[in-house]
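Residues per chain are reported as follows:
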Amino acid sequence: MGSKAKENAARAALNYLEPGMTLGLGSGSTAEIFLELLGLKIAEGFDVRGIPSSQQTADIARAAGIPLIEIDQADHIHLTVDGADEVGPEFTMIKGGGGRLLREKIIANASDLMVCIIDPTKLVETLGAYPLPVEVDPFGYTITAKKVFDVLKNSSEQSPQINLRMTKTGNQPFVTDGGNYIFDCACGAISRVRQIAARLSAVPGVVEHGIFLDLARIVIVGTEEGADILEL
Ligand code: 5RP
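Each chain carries its own residue numbering, running from 1 in the written order of its sequence. Where totals are concerned, whole chains, interfaces and linings use all residues; where local detail is concerned, this predicted model gives features only for residues with pLDDT of at least 70, and gives and counts side-chain atom pairs only at 80 or more. Each side-chain value is worked out from all heavy atoms of the structure, with water and hydrogens disregarded.

J.: Looking at this structure, I do not really get the overall build of the protein. What am I missing?
T.: Numbering of helices and strands starts at the N terminus; helices are DSSP runs of H or I of at least 4 residues and strands are runs of E of at least 2. In terms of helices and strands, the protein carries six helices and 13 strands. Here the C-alpha coordinates of the protein stretch approximately 50 × 35 × 35 Å along the principal axes. Note on classification: 1.4 Å probe, protein chains only; a residue is buried when its accessible area is under 20% of the maximum for its type, exposed when over 50%, partly exposed between these limits. A burial count over the protein gives 50% of its 232 residues as buried. For the protein, restricting intrachain contacts to residue pairs at least 6 apart in sequence, the fraction spanning at least 24 positions comes to 75%. Under the convention used here, a 1.4 Å probe and the Shrake-Rupley method define accessible areas, while residue burial counts only the protein chains that appear. Roughly 10,700 Å² of accessible area belongs to the protein as shown, and the carbon and sulfur atoms make up 49% of that amount. Each charge class in the protein can be summarised by its mean position, and for the 20 positive and 30 negative side chains these summaries are 6 Å apart. Residue contacts are counted whenever heavy atoms from the two residues lie within 4.5 Å of one another. Within this scheme the basic residues Lys and Arg register as positive and the acidic residues Asp and Glu register as negative, but His and the chain ends are omitted. To locate a charge, the coordinates of NZ of Lys, CZ of Arg, CG of Asp or CD of Glu are taken.

J.: Just checking my understanding: could you explain the packing of helix H1 (residues 3-13) against helix H2 (residues 29-43) for this structure?
T.: When two helices pack together, their arrangement is given by the angle between their axes and by how far apart the axes lie. Angles shown run from 0 to 180 degrees and are taken between the N-to-C directions of axes, each axis being a line fitted to C-alpha atoms and, for helices, limited to the stretch in contact. Running from amino to carboxyl end, H1 crosses H2 at an angle of 55 degrees, the nearest separation of the two axes being 8 Å. Accordingly, the angle class assigned to the pair H1 and H2 is oblique. With respect to the hand of their crossing, H1 and H2 are arranged in right-handed fashion. Contacts between H1 and H2 involve Ser3, Lys6, Glu7, Ala10, Arg11 and Ala13 from the former and Ser29, Thr30, Ile33, Phe34 and Leu37 from the latter. The labels follow the angle: roughly parallel below 35 degrees, roughly antiparallel above 145, roughly perpendicular from 65 to 115, and oblique for the rest. Note on convention: near helix rotated counterclockwise from far helix by under a right angle means a left-handed crossing. Clockwise means right-handed.

J.: What is the right way to read the environment of Ile71 from this model?
T.: Position of Ile71 among the secondary structure elements: in the loop between helix H3 (55-63) and strand E3 (77-82). Ile71 sits 24 residues away from Asp47 along the chain, and the two C-alpha atoms are 18 Å apart. Beyond its immediate chain neighbours, meaning those up to four positions away, Ile71 contacts Ile51, Ile77, Ile106 and Ile107.

J.: Looking at this model, I keep getting lost on the packing of helix H5 (residues 141-155) against helix H6 (residues 193-201). Mind explaining?
T.: Interaxial distance between H5 and H6 falls to 10 Å at its minimum, and their mutual angle equals 160 degrees. What the angle tells us is that H5 and H6 run roughly antiparallel. In terms of crossing hand, the pair formed by H5 and H6 is right-handed. Contacts between H5 and H6 involve Val148, Val151, Leu152 and Ser155 from the first element and Gln195, Ile196, Arg199 and Leu200 from the second. Gly is placed with the polar residues, together with every amino acid not listed as nonpolar (Ala, Val, Leu, Ile, Met, Phe, Trp, Tyr, Cys and Pro) or charged (Asp, Glu, Lys and Arg). Along the lines of polarity and charge, the residues of the contact of H5 with H6 split into five nonpolar, two polar and one charged.

J.: In this structure, what is going on with H3? I would like to understand it.
T.: Three- or four-residue spacings in an α-helix give side chains the same orientation, since the helix completes a turn every 3.6 residues. Burial in H3 covers these residues: Thr57, Ala58, Ile60 and Ala61. Immediately beyond the C-terminal end of H3, within one or two residues, lies Gly65, with a positive phi of roughly 85 degrees.

J.: Just to check I follow, could you spell out the nonpolar core for this structure?
T.: Nonpolar side chains tend toward joint burial in soluble globular proteins. Throughout this description, the term nonpolar core refers to a set of buried Ala, Val, Leu, Ile, Met, Phe, Trp, Tyr and Cys residues connected via side-chain atoms within 4.5 Å. Core analysis: the biggest nonpolar cluster contains 27 residues, and Phe34, Leu38, Val115 and Ile117 have the highest contact counts within it. At the level of elements, H1, strand E1 (22-25), H2, H3, E3, strand E6 (111-118) and strand E12 (216-222) are the ones that each hand at least two residues to this core. Considering every element that reaches this core, the biggest residue donor is H2, with five residues. What Phe34 contacts, discounting residues up to four positions off in sequence, is Ala10, Ala13, Leu14, Leu17, Leu25, Val81 and Ile117. Formed by 21 residues, the second largest nonpolar core is a distinct cluster that contains Val148, Cys185, Ile190 and Ala197.

Structure, rendered in structure tokens:
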């Protein structure tokens, strides 16, 4: 699915903006299209400010002319617009393909409303075809990997594979904006999503996992021709 679908999803998200809003700004290629469109609106005089979920989003938002504030300066976040790697039943989601899941989740959870923008390839009946990102503290990460493996082995149909995410050059671990590592966990269909989410959260060393529950209330599915709005 081409970037036209992502662009149409991002464009449709502009309809949820109101002047004066403080916005959570997601990460990833779809969110970046939204940033470009938002920058054009701001250049026409639209008054909003953003809280970026990653250093990369901050850089792109600044270049697009979007005023930014620190999350700790915000007394209210009205709306977060962000992409996803998979969206399943009840808008359960896998996020973190770009390695920004912790800050994305903090911001989405603090927002009045999260609007998720995706192309149709991201809509699934069961989460898990996309490897689940799990962000972990580097301290003791090999021990944490075994604990994460045990959680996923006991809750999924196939034996999970836990891969430490590496940088593009492949010779050192990818490090998140928060200084953590990411495990990409290929575990196949995740049928008991809420149970797995709770069990992963209980593992010492797991900083956050990429299962997003009860956060997005609107999912915009862009297509080549337009966008479908799904609401819970
Ligand atoms: C980053 C994310 C992204 O939202 C997710 O990976 C989707 O990215 P894209 O819009 O490039 O397909 O969770 O951590």
